[in-house]
2 protein chains.
Amino acid sequence: MMSHDPNCLFCKIVDRRIPSKLVYSDDKVIAFEDINPQAPTHILVVPNKHIPDIQSMNEEDRGLIGHLFFVARNLAETRGLEKGGYRLVINNGRDAGQAVFHIHLHLLSGRAFAWPPG
Amino acid sequence: MMSHDPNCLFCKIVDRRIPSKLVYSDDKVIAFEDINPQAPTHILVVPNKHIPDIQSMNEEDRGLIGHLFFVARNLAETRGLEKGGYRLVINNGRDAGQAVFHIHLHLLSGRAFAWPPG
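Analysis parameters
Residues numbered from 1 in each chain as written. Chains lettered and ligands numbered in written order. Predicted model: local features only at pLDDT ≥ 70, side-chain atom pairs only at ≥ 80, totals over all residues. Heavy atoms only, no water. Salt bridge = Lys/Arg side-chain N within 4 Å of Asp/Glu carboxyl O. Helix = DSSP H or I, 4+ residues; strand = E, 2+ residues; numbered from the N terminus. Expected span 1.5 Å × (residues − 1). Buried < 20%, exposed > 50% of the residue type's maximum accessible area, 1.4 Å probe, protein only. Least-squares fit on C-alpha atoms with pLDDT ≥ 70 in both. Contact = heavy atoms within 4.5 Å.

**Q** Even after reading the chapter, I still don't get the pattern of salt bridges, so can you show me in this structure?
**A** When charged atoms on two side chains of opposite charge get close, those side chains can pair. All names here are of chain A. Summed over all chains, the structure comprises twelve salt bridges over all chains. A salt bridge links D61 to K49; its shortest N-O distance comes to 2.7 Å. Of this pair, D61 sits in the loop between β3 (41-47) and α2 (62-78) while K49 is found in the loop between β3 and α2, placing the two residues twelve residues apart along the sequence. Salt bridges here are not isolated pairs; linked through shared partners, they connect K49, E60 and D61.

Structure representation (structure tokens):
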């Protein structure tokens, strides 16, 4: 396994040491249902690699971010979420409400979303 | 110029046919201030290429999505937004409130953001 912060909740989920409602995994990312869903569909797409926040990303992670998005897009397609639509969100840092310091992309769908986004 | 939908607002901004408060541009993307800001910093990062929504992206656009994020990240770094934090949002489709059908990444910062994100 690629994750390497023994105290990180999402590393533990990546390593299957903590269970989750997994909906997708490959060699770079996993996706699972948010434990506190804010919409009928609320999935987190998480890199296996422990990257605490966006400013910790290297140039080599550029493709990984693209992959997070394509995984979210493919999940949306598979689940028929494209017709209604969906919102993608990354919280980075304290003011944004980042709850786990391991980058994750929120895929929210199944209801109308208000503006501003929080 | 790469944009090619003559009726698209963001293509017109990319082509400089409509003015904007531009904060960044390169050969692939532009970034400008949202005309209806929802936070002290509210910037849109927009590909030059006219891609209406996420499901219209090709595999070849994977790097472009990564680039949108790195541009947002670099703008956040330059403007000192990392300490407080920031929220990144993509609205895709009707329910998400996508207002312009040309993909764009919202960079919001400068205040605390509530949960859920809209």
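So, next bit.
**Q** What exactly am I supposed to notice about α2 of chain A here?
**A** In an α-helix there are 3.6 residues to a turn, and that puts residues three or four apart on one side. Residues and elements named next belong to chain A. Between the first and last C-alpha of α2 there are 25 Å, a value that for 17 residues agrees with the 24 Å anticipated at 1.5 Å per step. Counting buried positions along α2 gives twelve out of 17 residues, so the element sits mostly inside the fold. Within the sequence span of α2, burial applies to L64, I65, G66, H67, L68, F69, F70, V71, A72, R73, L75 and A76. Positive phi shows up at G80, right after α2, with a value of about 70°.

**Q** What should I look at first to understand the relation of the copies chain B and chain A in this one?
**A** Overlaying chain B on chain A yields an RMSD of 0.0 Å, the required transformation being a rotation through 180° with an accompanying axial translation of 0.0 Å. The operation mapping one copy onto its partner corresponds to a two-fold rotation axis. A symmetric contact is evident, with 100% of the interface residues of chain B recurring at the interface of chain A.

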